[in-house]
Amino acid sequence: MPTLRTGLANSTLQRVLVVPFVILVLCLAGVIYWASHRSGESAGREFSREVLLSMVERVNQATERYLQGARVALHAVAPDPVYSPSEHSFTALEFDDDLSRLEQRMWVATGFFPTTNDYVYFAGADGRFVGVNRRPDRIELRIQERGGMPRNVYSVSAPGRRLGIVRSDNYDARSRPWFKNAVANGKESWSAVYTDFTTLEPTFTLTKPVYASIGANGEKTLIGVAATDLSLKQLTDFFRSLTISRNGIAFIVERSGAVIATSTNEKLYRLQDKALVRLTAEQSESPLLRQTYANVIRWQQSGVSFERPLSRAFDGEEGKIQVGATLLRDPAGLEWITIVAVPRSDFIGNVAGVLFESLAIGMVAVFMVLILGFSLLQWVLRDIRKLTRAAQSIGQGEPLEPLNIQRGDEIGQLAKSFQEMERNLRTDKLTGVLNRESLIAQIDFRQRNAADRNSLKFTLLFVDLDRFKQVNDEHGHDAGDKVLIEITRRLKGTLRAYDDVARFGGDEFVVYLHGIDNQRAIDAVCEKLRQVVEMPVDTGGGLSVQVGASIGVAGFPADGSDIDALMKVADMRMLDAKKAGKAGLQRAEA
């Protein structure tokens, strides 16, 4: 009997101790799980918001650069007045409307961005017309003299070199909507989207009316209209090349709801009796695009402003959808809305499953719940905070430090994808150095964060390789790639740790020299760069080739206050150096 009573007592005591302990364990694990889940959702929400803001801003900037290319091409034909700081006034440049000289300008203009701004033209108020169109299969010169003569289209190889006539047509540019729109506006402006009669693709045109000097009575005399076309297909191709996320999309719409470009694969227009019928956001095949657009319009109608990038969320078919949106305004009259939408699950992955495992561990023992649960939570949040800071750094143009996230779950995959995306956005795939956009972003970051902007000094060197085309033509592109890789290695090895080199495109590089504005030091660096570039390059198989370098120099702030101005100055000086080098070579050969 004593033994039985003792056993019952022990059993009761065991129940008294174990049951509350188990309840405590369950409650504690539940509280930890609830708190952890809420913290994870909060961190995921903050991270997705920051990433969306960064994404939409980068997409907007890339689109603005795409539109800016048209403006650069147009201004090469019809430059803006030049500002004189000493006189605090603008001086208009005299416009030469001689067709042969305009043709030469258009060759230069279409060469800036030949894949997008491949057609630049001028229509005179007297009926004359001249345009250069760099088609994929040939280069066309379209020219028409005054007097109602037909417009002739020639196949050409260089300015003034006509290979043969392609066709003639009865064309009067003055009757075209883009011409009338430009004259009516009286300033640089974009036309409405229309169907290009040659390609049958949706196109819009940037136009700029050109006037003679203002007379005594204040009236202006129209000389003509300069213009360049942009195809919506090219803008859509650019959007489809973007890496948003596994299920995310990016798109641009007009105020009317007509879709300008989208990362989805649907067709944005159709021709009905040669009339252009465009896709609207409400008609999209993508449920995510339709839902996102409807919510953006609803937010606007409720008074939300998208003048600056804004991130919001709504409940969609795929759960919480994080949206980033902002207005894209162009000085020539465009007003579009740039929108990026990503399901929040694309960001936080299976964090809920990981937190559920922490609950299961907590049920084993209070100590394990507290230690392992807390450690797991900190591990998750630490990496999410790293990714959030990295997203902020990219958005602000700061250099991205190594994330050091070694994980095999969705957050680890997101970190790898994030680093790959950042690497693709910032570096040139072939040479591994900065690309053009990244260099510009880093220079902008330095300018923004300089203690005194006037004390910031740096020099840009625009380096163009001479005889590189000959290497490609004679030995193939593999040999050319090896030359680019080796020249890049030499340039980096020649510079200081706080200088930078970026591949500008093709065989062109830009070197950033921090804190250097002394001409003697700049000349020394240029000479050293020429020497390392001109050293023979072994391309394999016993083949050695040699290239040269033409270098243009621009210094901040002496040669310009913004990066675009500095790039133009350095590019022009590089071209001058290249011309001078070729002239010297011809005299030597003579």
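Residues numbered from 1 in each chain as written. Predicted model: local features only at pLDDT ≥ 70, side-chain atom pairs only at ≥ 80, totals over all residues. Heavy atoms only, no water.

Draft legend 1. Representation of the overall build of the chain in the model. The helix and strand tally for the chain stands at 14 helices and 25 strands. For the chain, the proportion of its 590 residues judged to be buried stands at 46%. For the chain, the share of sequence-separated contacts (at least 6 apart) that also reach a separation of at least 24 residues comes to 57%. Working note: accessible area of the chain is about 30400 Å², and carbon and sulfur atoms make up 54% of it. (Helix = DSSP H or I, 4+ residues; strand = E, 2+ residues; numbered from the N terminus. Buried < 20%, exposed > 50% of the residue type's maximum accessible area, 1.4 Å probe, protein only. Contact = heavy atoms within 4.5 Å. Areas by Shrake-Rupley, 256 points an atom, 1.4 Å probe, with all protein chains shown as cover.)

Draft legend 2. Structural detail: helix H12 (residues 477-494). Taking 1.5 Å of rise per residue, the 18 residues of H12 would be expected to cover 26 Å, and the 25 Å separating its terminal C-alpha atoms lies within 8% of that figure. Among all positions of H12, only Ala479, Gly480, Val483, Leu484, Glu486, Ile487, Thr488, Arg490, Leu491 and Thr494 are buried. (Expected span 1.5 Å × (residues − 1).)

Draft legend 3. How the structure looks around the sheet that holds strand S25 (residues 548-556). Strand order in this open sheet of 5 strands is S19-S21-S22-S20-S25, and the pairing throughout is mixed. The open sheet is flanked by strand S19 (434-435) and S25, the only strands paired with a single partner. Looking at chain direction, strand S21 (residues 500-505) and strand S22 (residues 508-514) are connected through 5 bridges and run antiparallel. Along S22, the bridge assignment pairs Val501 with Val511. Each of strand S20 (458-466), S22 and S25 touches helix H13 (residues 519-534); the most contacted strand, S25, lies at about 155° to it. (Pairing = 2+ DSSP bridges. Axes fitted to C-alpha atoms, helices over the stretch in contact; angles between N-to-C directions.)

Draft legend 4. The environment of Val72, seen in detail. When you line up the elements, Val72 lands in helix H1 (residues 2-77). On a C-alpha basis, the gap between Val72 and Phe112 in space is 7.9 Å, while along the polypeptide they are 40 residues apart. Setting aside anything within four residues of it in sequence, one finds Val72 in contact with Phe112 and Phe113.

Draft legend 5. View of the nonpolar core. Grouped together as the largest cluster of nonpolar side chains are 48 residues, with contacts concentrated most on Leu67, Phe122, Trp190, Phe204, Trp336 and Val340. A per-element tally of this core places H1 first, with 11 residues. With residues up to four places along the chain from it excluded, the contact list for Phe204 reads Leu67, Trp190, Ser191, Ala192, Val193, Tyr194, Thr228, Asp229, Leu230, Leu232, Leu334 and Trp336. (Core = buried A, V, L, I, M, F, W, Y, C linked by side-chain atoms within 4.5 Å.)

Draft legend 6. The arrangement of the pairing of S25 in detail. Across the 9 residues that make up S25, a large majority, 9, are buried. Of the two faces of S25, the one lined by Gly548, Ser550, Gly552, Ala554 and Phe556 and the one lined by Ala549, Ile551, Val553 and Gly555 are each fully buried. Here S20 runs beside S25; their pairing, made up of 9 bridges, is antiparallel. Bridge pairing links Val463 to Ile551 in S25.

Draft legend 7. Local environment of the confidence of the model for the chain. In the predicted model, the chain carries a mean pLDDT of 80, and 76% of its residues have values of at least 70. Counted against residues more than four places away or in other chains, residues 583-590, with its pLDDT under 50, gives 0 contacts. (pLDDT = per-residue confidence, 0-100.)

Draft legend 8. Structural context of the pattern of salt bridges. By the definition in use, this model includes 30 salt bridges. Among the ionic pairs, Arg135 bridges to Glu140, the shortest N-O distance being 3.6 Å. Residue classification places Glu140 among the buried residues on the basis of a relative accessible area of 0%. Each of Arg135, Asp137, Arg138, Glu140 and Arg142 takes part in salt bridges that share partners, so that together they form one network. (Salt bridge = Lys/Arg side-chain N within 4 Å of Asp/Glu carboxyl O.)

Draft legend 9. Up close: the packing of H12 against H13. Between H12 and H13, the least distance of the axes is 9 Å, while the angle of their chain directions is 150°. Taken together, the axes of H12 and H13 lie roughly antiparallel to each other. When the axes of H12 and H13 are compared, the crossing they make is right-handed. Residues Ile487, Arg490, Leu491 and Thr494 of H12 pack against Lys528, Leu529, Val532 and Val533 of H13. Partitioned by chemical class, the residues of the contact of H12 with H13 number 5 nonpolar, 1 polar and 2 charged. (Parallel < 35°, antiparallel > 145°, perpendicular 65-115°, else oblique. Left-handed = near helix turned anticlockwise from the far one by under 90°. Nonpolar A, V, L, I, M, F, W, Y, C, P; charged D, E, K, R; others polar.)

Draft legend 10. Expanded view of the side chain of Arg278. Take Arg278: it is sitting in strand S15 (residues 275-278). Within the structure, the side chain of Arg278 is placed 3.4 Å from the side chain of Glu254, a separation counted as a polar contact. There is a polar contact of 3.5 Å between the side chain of Arg278 and the backbone oxygen of Val259. Beyond its immediate chain neighbours, meaning those up to four positions away, Arg278 contacts Val193, Leu232, Glu254, Ala258, Val259, Ile260, Leu268, Tyr269 and Gln283. (Polar contact = N/O pair within 3.5 Å; in protein donor to acceptor, adjacent residues only side chain to side chain.)

Draft legend 11. Main features of the environment of Phe129. For Phe129, the position within the fold is in strand S4 (residues 129-134). A C-alpha to C-alpha distance of 9.9 Å links Phe129 and Ala226, two positions 97 residues apart in sequence. Ignoring any residue separated from it by four or fewer positions in sequence, one finds Phe129 in contact with Leu99, Tyr119, Tyr121, Phe122, Ala123, Arg142, Ile143, Gln144, Arg151, Tyr171 and Ala173.

Draft legend 12. Representation of the sheet that holds strand S17 (residues 319-329). In spatial order, the strands read S13-S12-S18-S17-S16; together these 5 strands make up an open sheet with antiparallel pairing. Sheet topology places strand S13 (259-262) and strand S16 (310-316) at the edges, where each strand pairs with a single neighbour. Averaged over all adjacent pairs, the angle separating strand axes in this sheet is 25°, with direction ignored. Sheet analysis places strand S12 (residues 249-254) next to strand S18 (residues 335-343), joined by 6 bridges and oriented antiparallel. Among the inter-strand pairings, Ala250 is bridged to a residue of S18, identified as Val340. Across the sheet, helix H4 (residues 232-240) touches S12, S13 and S18, and the angle it forms with S13 is around 35°.

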